Amino acid sequence: MELTSTSITTPDDQISIAWLQRLFERAFFTTAVDAEGDIYIKEGLKFPIWVRLIEDEKLIRFFTYMQRDPEQHGVITERSANHLNATVLLATFFVSQSEPGRLYTDYVLPYAHGVAPGQVIAAARRFAGASLYGAQKLIDLTIH
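What this report covers is the structure whose coordinates are included nearby.

**Concerning the pairing of strand S1 (residues 30-33)**
Summarising the sheet, S1 and strand S2 (residues 39-43) pair through four bridges and their orientation is antiparallel. In the sheet register, Thr-31 faces S2, and the bridge partner there is Ile-41. Between S1 and S2, which pair antiparallel in sequence order, lie five residues; one of them, Gly-37, sits at a positive phi of approximately 90°.

Pasting the structure below:
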């Protein structure tokens, strides 16, 4: 399994959490599988992310969040998230009123007809970078 843009596409029936974890580890990312079965990439990217496989829809979901103290730094608003969605490519930003200090980010990569390993690695890198860039636009967010 090579990680170049000329990599052969891996068929969709071979994509699994174990396959993704091996792929990320070959790219020198430090990973762990959490209690929900998601891969947590804690080192090797610009920002830590989780990866979830949604097998019934043939999607690889990348997601993360940033946290800040709303008492000290104010609530992260829908307006802020919408501004990031309008100015930061790839990632989608959103907030929940029940968690006023948290900014969520996600992106989904379809794999219904297979996926090139290099495409998954590139998407993880791009997503982590876009998430960090968005977080830096909002001051005082802390990495989980």
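Next comes the rest of the description.
**Re the pairing of strand S5 (residues 92-96)**
With five bridges joining them, S5 and strand S6 (residues 99-110) adopt antiparallel strand pairing. For Phe-94, the partnering residue across the bridge sits in S6 and is Tyr-104. Joining the antiparallel neighbours S5 and S6 is a turn of two residues.

**Some thoughts on the nonpolar core**
Counting 37 residues, the largest nonpolar core has Leu-20, Phe-24, Ile-49, Val-51, Ile-60, Phe-62 and Val-120 as the members making the most contacts within it. Going through the elements one at a time, helix H1 (17-26), S2, strand S3 (49-54), strand S4 (59-67), helix H3 (78-87), S6 and helix H4 (117-137) are the ones with two or more residues in this core. A total of nine residues in this core trace back to one element, the largest contributor, which is H4. For Val-120, the contacting residues outside a window of four places in its chain are Trp-19, Leu-20, Leu-23, Phe-24, Ile-60, Phe-62, Leu-109 and Val-115.

**Observations concerning the packing of H1 against H4**
In contact at an axis separation of 10 Å, H1 and H4 are set at 70° when each is read in the N-to-C sense. One way to sum up the angle between H1 and H4 is to call them roughly perpendicular. For the pair H1 and H4, contact is made by Trp-19, Leu-20, Leu-23 and Phe-24 and by Pro-117, Val-120, Ile-121 and Ala-124, respectively. Considered class by class, the residues forming the contact of H1 with H4 number eight nonpolar, no polar and no charged.

**A closer look at the side chain of Thr-64**
Inspection of the secondary structure assignment puts Thr-64 in strand S4. There is a polar contact of 2.8 Å between the side chain of Thr-64 and the backbone oxygen of Pro-48.

About the cut-offs
- As a convention, each chain's residues are numbered from 1 in the sequence order in which they are written.
- A pLDDT threshold of at least 70 governs which residues receive local features in this predicted model, and a stricter bar of 80 or more applies before side-chain atom pairs are shown or counted, although totals over entire chains, interfaces and linings include all residues.
- Each side-chain value is derived from all of the structure's non-hydrogen atoms; neither hydrogens nor water enter the calculation.
- Pairing between strands is defined by DSSP: at least two bridges between the two strands are required.
- A run of H or I in DSSP counts as a helix once it spans at least four residues, and a run of E counts as a strand once it spans at least two, with each numbered from the N terminus.
- Take the buried Ala, Val, Leu, Ile, Met, Phe, Trp, Tyr and Cys residues and link them wherever side-chain atoms come within 4.5 Å; each set so joined is a nonpolar core.
- Buried, partly exposed and exposed residues are distinguished by accessible area as a fraction of the type maximum, computed with a 1.4 Å probe on protein chains only: under 20%, between the cut-offs, and over 50%, respectively.
- What makes two residues a contact is simply this: any of their non-hydrogen atoms within 4.5 Å.
- Interaxial angles span 0 to 180 degrees and are taken between N-to-C directions of axes, which are lines fitted to C-alpha atoms, for helices over the stretch in contact.
- Angular relationships are summarised with four words: roughly parallel below 35 degrees, roughly antiparallel beyond 145, roughly perpendicular across 65 to 115, and oblique for the angles in between.
- Residues are sorted three ways: Asp, Glu, Lys and Arg are charged, Ala, Val, Leu, Ile, Met, Phe, Trp, Tyr, Cys and Pro are nonpolar, and all the rest, Gly among them, are polar.
- In the analysis that follows, any N or O atom pair within 3.5 Å is treated as a polar contact, provided that within protein one partner can donate a hydrogen and the other can accept it, and provided that, for residues neighboring in sequence, both atoms belong to side chains.

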